[in-house]
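Chain and residue survey
Here is how the chains run, residue by residue.
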Amino acid sequence: MTRKVLSAEIAHETNTFSLVPTTLEDFENRLFLDDPNAIAMALKGTNTEITAHIDAADVYGWDLRLALAAQATPGGKVEDKAWHAILQRLDLALAEGGYDGVILGLHGAMVSMEHDDAEGALLQRIRDQVGEDVPIVVTLDLHANVTDDMARLANAILPFRTYPHIDQAEISRVAADILNRAMEGEISPRCLVARPASLLGCNFGRTQEGPMADMLVRAERITASDPNVHAIGISSGFPWADVSFAGPSVAVTYEAGHAASAWETASDLVQIVWRERAIDTIPLLSLDDAVRRATAVSPSTGPLVIGDTTDNPGGGAYGDSVRLLEALLAAGVENAGLAAVRDPECVEACFQAGVGRSVSLTLGSKVDPAGYGPPLTVEGNVAGLDDTGVFVAHGPMWAGVSFSLGRSALVRIGGISVVLSTHNIQITDRATFELFGIDPAGLAVIAVKSSHHFRAGFEPIAREVILVDSGGLVSPSFDRFDYTNLRRPIWPLDPMPEDAA
């Protein structure tokens, strides 16, 4: 029997403290496709959820309806126009009716102007249309803030298990198998979620070593030994969201009729998350310490790679901080590359000057000068221009996916080649530098606007990788943020007894 399956990929990680709302144009600049052929052409064969949906349809013989593929760089709350455009596309697909199953690639930390729990609202809309008996299976980013409504409305929730995220397609194939078994009547999956009284946990989701890696091993052992547990999802949460449910969570997908044992499993794992909540395996360095590393003589080969983590667009930061660049210039660092400072005004100044010409720039700190410090006045030379800034990621993260910096420029300032962009984008792939003819492996120092995802692309060529706190919006100093909707008391913002989980 051919099963009709609805597929969609909708992803946004919302930093509610951002001054810049996320618009429909932001989605269109990154990814917003509602034509099934265009979706398949853009994403088939890439390391994405949609690829796994398409592959599963071939394997299981589904009649797959690709409804929407929509992503935007993390930022402020999703504006109404963008939110309603997403709903409209979903409604058009749902209006066909006759669905036997639904498979979704969501983020899990999207906040719209209307809904703190945007994914929960999307799931409710879908559930209202397809009914209670149609299985809905969801994959999430492991930085999801998983809500009770998400768990109630979805039959299965499977977050990624890697950070950097290199298993999007892999996890989505597991999700597709669960969906197919549910549609065939082999299993009747249900989902529940538990969370500690903590904003932080699971080592910020880092899966190389430490609490998150250990939790994933525990979850795998439980799933392998208990036939009534179909999946256990560990999410570290996204703390830069002023919503009541922010923070780490454990989602258990279990066989109907076994809720009590599933709750016991979830509660036991949540206790471990709570006990290990303060463990952080990768410290942030100050600008001074980072510069000392950048100017030190090293016997190792390869570049020093610096993640400007607190100005990471992948966490909703503005991407226009120039504090790290300022420090590297002051130290006279040579043979360095930095990507990318978002500054459309300076990009246009470079275009007006032309390649090979000198240019005077008032660079960066355009969005929030009070919070990010003043712009940087510099003299540089325009080394490259690109009208679209389009490149294809090598991967392993997002391998084969096309990205755009927008109209962009390369300007050489002192000994540093700086990529300037129009779009705000996290730098995770070496192709960003290669777009302008730079081989990153030949640089002495590489600085990128990213917290952790850049490791997948850059760590293989690095002599050392460090993270720096440049004072941006994705700051681990959570007392600087005015949380008004977050459940309280909560660690680390409030005094908490050790048994508070």
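In the block above lies the structure referred to throughout.
The residue numbering used here restarts from 1 in each chain and proceeds along that chain's sequence as written. Predicted model: local features are reported for residues with pLDDT of at least 70 only, side-chain atom pairs are reported and counted for 80 or more only, and whole-chain, interface and lining totals are derived from all residues. Only heavy atoms go into the side-chain values, all of them from the structure, while hydrogens and water stay out.

**Focus on the sheet that holds strand β10 (residues 304-308)**
Keep this limit in mind: Here a strand pair is declared whenever DSSP counts at least two bridges between the two strands. Strands are runs of DSSP state E lasting at least two residues, helices are runs of H or I lasting at least four, and both sets are numbered from the N terminus onward. Only the stretch in contact is used when a helix axis is fitted, and all axes are lines through C-alpha atoms; the angle between N-to-C directions ranges over 0 to 180 degrees.
An order of β12-β13-β16-β17-β11-β18-β10-β19 is seen for the 8 strands of this open sheet, with the pairing classed as mixed. This sheet does not close on itself; its edge strands, each paired only once, are β12 (358-363) and β19 (464-468). Each neighbouring strand pair of the sheet contributes to a mean axis angle of 30°, computed without reference to strand direction. With 5 bridges joining them, strand β11 (residues 336-342) and strand β17 (residues 416-421) adopt parallel strand pairing. Within β17, the residue paired with R342 across the bridge is S421.

**Focus: helix α2 (residues 36-43)**
We count it as follows: In the analysis that follows, any N or O atom pair within 3.5 Å is treated as a polar contact, provided that within protein one partner can donate a hydrogen and the other can accept it, and provided that, for residues neighboring in sequence, both atoms belong to side chains.
Capping the start of α2, D35 holds a side-chain oxygen 3.2 Å from the backbone nitrogen of N37, two or three residues further along. In the stretch just after α2, G45 is the one whose phi turns positive, near 85°.

**Some thoughts on empty space enclosed by the protein**
Summary: where empty space remains is shown by rolling a probe the size of a single water molecule over the atoms. This is how the line gets drawn: Points on a 1 Å grid, built from protein atoms alone, make a cavity when a 1.4 Å probe fits but cannot get out and make a pocket when they are open with protein on both sides within 12 Å along at least 5 of 7 lines; residues with an atom within 4 Å of a point are the lining residues. Grid points are joined across faces, edges and corners, and a volume is the space filled by probe spheres set on the points. Amino acids are sorted into nonpolar (Ala, Val, Leu, Ile, Met, Phe, Trp, Tyr, Cys and Pro), charged (Asp, Glu, Lys and Arg) and polar (every other residue, Gly among them).
All chains considered together, the criterion is met by 1 cavity of 30 Å³ or more. Its volume calculated, the largest cavity comes out at about 40 Å³. Contributing to the lining of the largest cavity are G108, A109, M110, V111, D116, D117, E119, N145, M150, A241, V243 and F245. Of the residues contributing to the lining of the largest cavity, the split by class is 7 nonpolar, 2 polar and 3 charged.

**Thoughts on the layout of surface pockets**
Volume-wise, the second largest pocket comes out at about 390 Å³. As for the second largest pocket, its lining consists of 21 residues, and the residues nearest its centre are V174, T223, H230, A231 and I232. Contributions of two or more residues to the lining of the second largest pocket are made by β6 (156-159), α7 (168-183), α8 (211-225) and β8 (229-235).

**Examining the pattern of salt bridges**
A side chain with one charge may pair with a side chain of the opposite charge, provided their charged atoms come close. Test applied: Counted as salt bridges are all cases of a side-chain nitrogen of Lys or Arg within 4 Å of a carboxyl oxygen of Asp or Glu. Working definition: with a 1.4 Å probe on protein chains only, accessible area under 20% of the residue-type maximum means buried, over 50% means exposed, and in between means partly exposed.
This structure, assessed with the given rule, holds 23 salt bridges. D149 is the salt-bridge partner of R152, the closest N and O atoms lying 3.2 Å from each other. Residue R152 and its partner D149 are both found in helix α6 (residues 148-153); the two are separated by 3 residues, about one turn of the helix. Under the relative-accessibility criterion, R152 is labelled exposed at 53%. K366 serves as the salt-bridge partner of D343, at 2.4 Å between the closest nitrogen and oxygen. Here K366 lies in the loop between β12 and α13 (369-372) and D343 lies in the loop between β11 and α12 (344-353), a separation of 23 residues in the sequence. On the basis of relative accessibility, which here comes to 0%, the residue D343 falls in the buried class. On the basis of relative accessibility, which here comes to 32%, the residue K366 falls in the partly exposed class. Among the ionic contacts, a cluster of salt bridges with common partners joins K4, D63, R65 and E96.

**Considering the side chain of D141**
Applicable threshold: Counted charges follow a simple rule, with Lys and Arg positive, Asp and Glu negative, and His plus the chain ends left uncounted. For this analysis, residues touch if any pair of their heavy atoms sits within 4.5 Å.
Looking at the secondary structure, you find D141 in the loop between β5 (136-140) and α6. Nearest to the buried, unbridged D141 among oppositely charged side chains is R30, at 11 Å. Filtering out sequence-adjacent residues up to four positions away, D141 remains in contact with L106, H107, P159, F160, H165 and S235.

**Observations concerning the packing of aromatic side chains**
A ring pair, where both rings are aromatic, is described by two values, the distance of the centres and the angle of the planes. Going by this rule: Between 30 and 60 degrees the pair is tilted, below 30 it is stacked and above 60 it is edge-to-face, where a pair is any two Phe, Tyr or Trp rings, Trp via its six-membered ring, whose centres lie within 6.5 Å. The criterion for a charge sitting over a ring is simple: Lys NZ or Arg CZ within 6 Å of the ring centre, and within 35 degrees of the ring normal.
With the rule as written, the count across this model stands at 12 aromatic pairs. Ring centres 5.0 Å apart and planes at 80° place the aromatic pair F17 and Y483 in the edge-to-face group. One end of the pair, F17, is in the loop between β1 (4-11) and α1 (24-30); the other, Y483, is in the segment after β19, and 466 residues separate them in sequence. In this pair, the class of F17 matches that of Y483, namely buried. Through a chain of ring-to-ring contacts, the aromatic side chains of F17, F204, F238, W240, F478, F481 and Y483 assemble into a single cluster. When the ring centre of Y99 is taken as reference, the NZ or CZ atom of K4 above it lies at 4.7 Å. Over the aromatic face of W491 sits the side chain of R277, whose NZ or CZ is 5.1 Å from the ring centroid.

**Considering the sheet that holds strand β4 (residues 101-106)**
The 6 strands are arranged β2-β3-β1-β4-β5-β6 in an open sheet whose pairing can be described as mixed. The outermost strands of the open sheet, each flanked by one partner alone, are β2 (31-33) and β6. Averaged over all pairs of adjacent strands, the angle between their axes in this sheet comes to 15°, without regard to strand direction. Judged from the 8 bridges that link them, β1 and strand β3 (residues 63-71) form a sheet pairing that is parallel. In the strand pairing of β3, I10 is matched with A70.

**Overview of the pairing of strand β13 (residues 376-386)**
Here β12 runs beside β13; their pairing, made up of 6 bridges, is antiparallel. From the neighbouring strand, S358 faces β13, where its bridge partner is N381. Pairing of β13 with strand β16 (residues 408-413), which is carried by 5 bridges, proceeds in the antiparallel orientation. What sits directly across from G384, in β16, is L410.

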